[in-house]
Amino acid sequence: MLKLRIYILVFLLIFGLLPLSLAVLINLPLVLDRTALFYQRAYLQNLRADFRDLDQHLASRHELIRFLAKLPEPGLLLGAHGDLEQIDIARARYTTWINQILSDQRDVIQILFTDAQGQARFWLVRDARTQEWRPLPQPVQLSNHHFIEATIRAQAGGVMVSPIRLDPRRGRDDPRQFMTLDLASPLGSERNHSKTGAVVLTIDVGGLAQSYPHTLWVNQEGRYLRPGEPVEAQPNAFRVFPGLESIFAEGKLALWKGEGGRQMLWVPMFMTEDGSPLWVGRIVDPSPLDAFRNELMLRVLSIIALLFMAVMVLARWIAARVEQFGHELLGGVRRILSEGQPLQFSWSGPRELQELGEQLTTLAATHAEHLQAVRAHTHELEQSNRYKSQFLANVSHELRTPLNSILLLSKMLSAEGSGLSPAQRRQAQVIHEAGRDLCDMIDNILDISRIEAGQLALNIEPVELCPLLEDLIELFSPQLADKPVELILRLDPNLPDLIETDRDKLRQILKNFLSNAIKFTERGEVRLEASLFPGMPKPLVLSVIDTGIGIPRDKQEIIFEAFRQADGSTRRRYGGTGLGLAISRELANLLGGVIEVESTPGTGSCFALWLPLVPSASASALPSTAMPPGNDQAPEPLDSDGTCLPLALASERDAPWALVIERDVKTLVTLTSALSQAGMGVQTAADFDEASETLREEGQGCALVLAAAQLLPEQPAAAIQHLPLVLLVEAEDNRQISVMGMWVLSKPIDPIALELLLGQVWQRLGNRRKSIPERGTDES
Ligand code: ADP
């Protein structure tokens, strides 16, 4: 998963930096091109400025020619009628004068005067070696006739400039003649308008051009023109500068670009006599432009890099803020939810954030208040539930003691030989059965209150499954004697021999299923089935299937609630309390199992218990010692009005009493009445387990235990071992038992023998009988 920082970075890059960089990168070449163009223009202007010197130079020559037009050679002034000798003398003087005034202007190489018809009349030529002006027999250069005629026709004072004349042949002898230009001006004054001829100055342009270094002169055919050198036969420039030919064909100023960044600016500078331009080429130094381009690129790239770094820092900062905000929010919410503490969210920043913080603070405070109220309420509920469970346990126990007596006596009275008439014995039997139902109900109530109070102990051990199921069938078979209902056991051959579970709890669940099935089935069959589904989390299924009245679908869930039955008439017709399935479901949960029901009214029902072969840790974590007597978890005893009493105070009320462990009714009745007469309370138990339980529940008042010898286990519980024990033996066992060194009372009990024995017991225990009533007070 990408970090938040990366997400923000990518977002900022895509929507911020990328468009900016693209805009820069797209426009940068354009900027560079334009810059190059401006640079070249500036360069061209420079070049033009260079050639402006040449223009100015030519302008100064214009002045010179105007001056000579006003002072023409004397032959012209004197005219055709002048004395020849005089003319020669005057011309000699004129030559001297010219030598004086034109000694420095070395580019002027010839002065020619014509008459009004354009015929050369007088000419002076500068000597190439001595630089002296002297007349020659022939003029070196003769201008174009039309040019001279046009000059003669021109206005006085005007200057005509001829195209450049290239004369490589003559230039070979005299380099000054290689590239020349004629300036011409008409002779005669403006006032009389009479045209007397023209003066023509020949100027050595080649010599001038030599003073411009790094400049190439090339004619339209691509031949180099170098003063003093012959014109090359081949158009070399086109070979040296590939592509130059097309530039020349265009006839316009252009930049030539070659390999390695070489650049050259070509300008059609002058018109030559033949009408084609004379090209001037100059090397363009691209280094300033390159330097500019490099610097620009460097700047742009560093700006982008800086922006990227700024974006990274920004993304980091935003991510840190968001993460911090998220942590605070999450941590705060978690603390509110887990600890229920009111929290303060004081965020600085935008108004919305502050408002959110305020609202969360209010929410936290409200939640904390509610949570506190709920906790207080839950505590109250738990406490009242504990009181209820304790109350139920107490009441059940209180009910069971007199009920035991009722059961015993009614059983005794209904037995044959009790001395009652058959009708009275039947009534006693009815009392006995009603009492047993009541006892069952009390047991159920005790069970459910213990389960609810979390006090039910589990005893997980290896249990042989098949014998357990067979026992159950045997137990219930007699109940079907007078019904056309068959009781069937069906076992899966793959069943394991042993499973780990609590034997009693499992039996209790199956007993409930079976007794319900038998109760609600008038004919057909009741089937107990055990199957194994390997691979399932709860692979063992124990089901009880009947062909009874069935349960409507909408009642199939509520029958698992305590005191709920399928309908109101059930209790009238079939009896029961509606507690069995509630207890069964709780027990199944404890064993790590689950109960499912399927039923069709009128057809039958199937109650299935799904069990693991080994209970999960949570079930086995409740060992049978989980609820020892006096355990901290045990509810505190309740007073009759339901208020809680400390244990010490409760035991203070206990009077000394005797515990009788016996199943024989006759013996029980005799012992109860005899012990009562001896001033002792009596508690009874059907076996040693129940006896331990009674001792645990009743506290410390027990002074004596009387137990049937055949019920004595090999290792009685510690609580019983520490108490004086009287064994109740059948007469014939008398001798054997006495060997064990205990008090022994043989059955049937003789009240006198009992009294004697009690006397012995008290004596042996240091006259404990008298101290016992005070003991509770002493200990308190
Ligand atoms: P009780 O049997 O004491 O009434 P239970 O909790 O065991 O209490 O059962 C609750 C109710 O579920 C019964 O009253 C009965 O209406 C219904 N019930 C349970 N088992 C069966 C069954 N096999 N066939 C029809 N109804 C049943």
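Right, let's walk through the structure included here. Everything quoted here is computed from the prediction, not taken from an experiment. (Residues numbered from 1 in each chain as written. Predicted model: local features only at pLDDT ≥ 70, side-chain atom pairs only at ≥ 80, totals over all residues. Heavy atoms only, no water.)

1. With respect to the overall build of the protein chain
Looking only at helices and strands, one finds 23 helices and 23 strands in the protein chain. Sequence-distant contacts, at least 24 apart, represent 62% of the contacts inside the protein chain between residues at least 6 apart. (Helix = DSSP H or I, 4+ residues; strand = E, 2+ residues; numbered from the N terminus. Contact = heavy atoms within 4.5 Å.)

2. Some words on the pairing of strand E21 (residues 702–708)
In terms of residue burial, E21 counts as a mostly covered element, since seven of its seven residues are buried. The pairing of strand E19 (residues 657–661) with E21 spans five bridges and is classified as parallel. When the sheet's bridge partners are listed, Ile661 is paired in E21 with Ala707. Taken together, the four bridges between E21 and strand E22 (residues 725–730) define a ladder with parallel strand orientation. By the bridge assignment, Ala707 is partnered in E22 with Leu727. (Buried < 20%, exposed > 50% of the residue type's maximum accessible area, 1.4 Å probe, protein only. Pairing = 2+ DSSP bridges.)

3. What about the site of the ligand?
Close contacts around the ligand come from 22 residues, with Asn516, Asp546, Gln565, Ala566 and Leu581 the closest. The side chain of Ser605 places a nitrogen or oxygen atom 3.4 Å from a nitrogen atom of the ligand. Surface burial for the ligand is 97%, taken as the share of its 520 Å² of free accessible area covered by protein chains. Of all elements in the fold, only helix H13 (503–519), helix H15 (580–590) and strand E18 (604–611) reach the threshold of two or more residues within the shell around the ligand. It is H13 that provides the largest number of residues to the shell around the ligand, a total of four residues. Among the residues forming the shell around the ligand, the class breakdown is nine nonpolar, ten polar and three charged. (Near = heavy atom within 4 Å. Polar contact = N/O pair within 3.5 Å; in protein donor to acceptor, adjacent residues only side chain to side chain. Areas by Shrake-Rupley, 256 points an atom, 1.4 Å probe, with all protein chains shown as cover. Nonpolar A, V, L, I, M, F, W, Y, C, P; charged D, E, K, R; others polar.)

4. As for the sheet that holds strand E20 (residues 681–685)
Spatial strand order, E20-E19-E21-E22-E23: five strands in an open sheet with parallel pairing. What marks the edges here is a single partner per strand, and that holds for E20 and strand E23 (743–747). Strand-to-strand, the axes of this sheet are offset by a mean angle of 25°, without reference to chain direction. (Axes fitted to C-alpha atoms, helices over the stretch in contact; angles between N-to-C directions.)

5. Quick look at the packing of H13 against H15
Where H13 contacts H15, the two axes come as close as 9 Å, and the packing angle between them is 145°. In the packing of H13 onto H15, the handedness of the crossing is left-handed. Taking contact as the criterion, the partners of Lys505, Gln508, Ile509, Asn512, Phe513 and Asn516 in H13 are, on H15, Gly580, Leu581, Ile583, Ser584, Leu587 and Ala588. (Left-handed = near helix turned anticlockwise from the far one by under 90°.)

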